[in-house]
Amino acid sequence: MAGGETVGIVGETGCGKSTLGKAILSILPPRTRVTGHLLFRRTDLNTLDREALRRLQGEEIALIFQDPMTRLNPLMTIEQHFLETIRAHQKVSKREALERTMAALTSMRVPESRIRNYPHEFSGGMRQRIMIALALVLTPSLLVADEPTTSLDVIVEAQILEILQDLKRNYRMSLLLITHNLGIVAEVCDKVAVLYAGKVVEQGSVTDIFARPVHPYTRLLLQSIIHLDTKELRSIDGQPPDLLFPPSGCRFHPRCPYAKPVCHEKVPPLEQFRSGQSAACLFGKDFV
Amino acid sequence: MLDVGNLRVYYPVKVPLIQRFFQSEKPFVHAVDGVSFTLKAGEIFGLVGESGCGKTTIGRAVLRLAEATSGTIKFEGVDITRLPESKVRPLRQRMQIIFQDPHASLNPAMSIGQAIGHPLKIHGLAWLEADVRKEVLGVMREVGLTPEEQLYDKFPRDLSGGQKQRAAIARAIILKPQLIVADEPVSMLDMSIRARVLQLMLDLKEKYHLTYLFITHDLATAKFICDRIAIMYLGRIVETGPAKDIYESPKHPYTRALLQAIPIPDPLKRAPKILPKGEVPDAIHPPMGCRFHPRCLAVLPTCGWEARDFLDYLEERRSNPEKGREDELIIGSPDVWKANGLEAGRPCEPENIAIITEYVRSVMREAPAPMAQALDDIKVKEGRIIVVFRLPATLSPKKVESRLVECLLY
């Protein structure tokens, strides 16, 4: 991910997209086995100690979740949330912290007058805006948003997406957007990675992937979206696999209409098929 | 087949005892507030709206799972609104429901076979285990729950989301009902299997001549599957008509807003959106006049401006640092104002009345034109400054082309 870019991580339930987000924030459950590397500006997050990580989280990398109600403390006012966050990371006076709180809230169109209210006193959309303000108050350079609009209605969802895009433009912040909604990816993201059963099956620019998908899963998934111009219902046969026992070879082979015997055995590498677009399919060149 | 007339469903709000002493009025959630529509046999009728618009409550009221506060529900010509429970039971053979969450609607302690066959036993249509089993296996094949012999003894936890929803559909059709209320039947399912479940519902409809009341928040799904659609907002239907026409040229500003807000899965079709501000207000005290008026982009002076809108407007000015500070200095925080229907008032010391009245006047002049034009008077009464709005125009559904629209634009 380059600075200022918006990258979408898209996939269905259980594909590992939220786990990926949590891994970036190092908030996976204890004893989770993590290998490989997670480079953030040349620093491997997997090798950092707790204190260095804590400093980085919030200040450089922030996270917003699907359901803000479960992430805001019901016993704390909005003001307390902000003061705690700011002062946990920076030595500033209460007055300065308050000023920054006000600025952050105003930029999210949350009235300053409601700073002493509790989370339950806000509507769902307002809570998500508070959550975003809280994530941005330390001006991180990367924002990870895990299904930020999934619990919201379609109009409020569009409002929040607009806010996120404004932020991106104004602060040159990078945004990693985790979602199951391909429509949102198409409207907001520059690049996208499609996940299936714990693996990236295809990645590239949003325009390429939507116009000319290479991986059969991406293609079938795009065809199965029901949108306003849908003329015919299409779906993908079978079920996503059980990740306790993932299928051998290409994990999509049991559902892939083009699977050949070799797909059962060989794990396809992520290969570039067009400039900036790669896919993990042994027969990718047939679909280019 | 189904005729719903002026249906109202109000839920009482739980109020702590102490508060009850001070409140003269009992608060109600106006979940459904005067809704009428008819369903023809063999039709798929969509109730579409955001959460809290009352669509689910209507579905439940139709099946008598929620009590109607007033209005009528006629099923095949018979008024069932006040039918005693003993007479409702046999009726449910002919009307069934599919719930949104298949994980919650199947009893975890019942095997799939038992769950699907349960309605047969409840309605006394089959007693012998062998008869039930035969019937259930047939329905399971019908809905694609195969291999049916193996799945019969499985429990809900052994099934995927799509399979569970198939089981819920099987349970709904085993009695061969005429009407099925489908409450968000595919929203919990992943995109790649959604279409298959919808296709199944369409196939079953053809085969058994079913009629669906299809409840959804997803306009794209509604467009694809429904013949006619009613768009709901905060307990009211704002627009009804053939699905195709509503999508081609939406008439109500709320329908337009909804359609515009849907993300389009094509990065080449990105376009700026003009969205209504704010969120759906609470249904305990719905807005006066047209309920969408505080957020509407095409609002008129007669749409229902009231005291609460004035207070919201003052609050909004507060987020503008300059105006907010000036307002605070001269007329104090919005909290000193009390809203009462069309009148917003605040106490005022006699010596300040002239200044404050003049300032309020200028604040109203700066308000968005429709609201400013709805102002009737700013008066002084018993030491209070009162901002009075004009009565809204009466709103009733009007025929606009192929649709019924409840909007003063027409």
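Residues numbered from 1 in each chain as written. Chains lettered and ligands numbered in written order. Predicted model: local features only at pLDDT ≥ 70, side-chain atom pairs only at ≥ 80, totals over all residues.

Engineer: What am I meant to see in the overall build of chain A here?
Structural biologist: Along chain A, the regular secondary structure elements total 11 helices and 10 strands. Counting all 288 residues of chain A, 41% fall into the buried class. Long-range pairs, those at least 24 residues apart, make up 61% of the contacts in chain A between residues at least 6 apart in sequence. (Helix = DSSP H or I, 4+ residues; strand = E, 2+ residues; numbered from the N terminus. Buried ≥ 20, exposed ≤ 12 C-beta atoms within 10 Å, placed from the backbone. Contact = placed C-beta atoms within 7 Å.)

Engineer: Explain the overall build of chain B here, please?
Structural biologist: When you go through chain B residue by residue, the secondary structure sums to 16 helices and 16 strands. For the C-alpha atoms alone, the extent of chain B along its principal axes is close to 90 × 60 × 40 Å. In chain B, of all internal contacts separated by at least 6 residues, the share reaching a separation of at least 24 is 65%.

Engineer: How should I be thinking about unusual backbone geometry in this particular structure?
Structural biologist: One can expect most non-glycine residues to show negative phi and most peptide bonds to be in trans. Residues and elements named next belong to chain B. Along the chain, Thr 146 connects to Pro 147 via a cis peptide bond; the corresponding omega equals 0°. On the secondary structure map, Pro 147 appears in the loop between helix H6 (129-142) and helix H7 (148-151). Located in the positive-phi region is Glu 76, a residue other than glycine, with phi close to 50°. Looking at the element boundaries, Glu 76 is found in the loop between strand S4 (70-75) and strand S5 (78-79). For Leu 234, which is not glycine, the phi torsion reads 50° and is therefore positive. Relative to the elements of secondary structure, Leu 234 occurs in the loop between strand S9 (228-233) and strand S10 (236-242).

Engineer: Help me understand the packing of helix H8 (residues 161-173) of chain B against helix H9 (residues 191-208) of chain B, please; the structure alone is not making it clear to me.
Structural biologist: Each pair of packed helices can be summarised by the angle the axes make with each other and by the distance between the axes. Residues and elements named next belong to chain B. Where H8 meets H9, the axes come as close as 10 Å, and the angle between the chain directions of the two elements is 15°. One finds that H8 runs roughly parallel with respect to H9. Once H8 is placed against H9, the crossing between them reads as right-handed. Two secondary-structure elements touch here, H8 through Gly 162, Gln 165, Arg 166, Ile 169 and Ile 173 and H9 through Ile 193, Arg 196, Val 197, Leu 200, Met 201, Leu 204 and Tyr 208. (Axes fitted to C-alpha atoms, helices over the stretch in contact; angles between N-to-C directions. Parallel < 35°, antiparallel > 145°, perpendicular 65-115°, else oblique. Left-handed = near helix turned anticlockwise from the far one by under 90°.)

Engineer: Looking at this model, I keep getting lost on the environment of Gly 204 of chain A. Mind explaining?
Structural biologist: All names here are of chain A. Within the secondary structure, Gly 204 is located in strand S8 (residues 199-205). Residue Gly 204 is classed as buried on the basis of its 24 C-beta neighbours within 10 Å. Separated by 177 residues in sequence, Gly 204 and Ile 27 place their C-alpha atoms 27 Å apart. Not counting chain neighbours up to four residues away, the residues in contact with Gly 204 comprise Lys 191, Ile 209, Gly 276, Gln 277 and Ser 278.

Without other data, these values stay purely geometric and don't point to any function.
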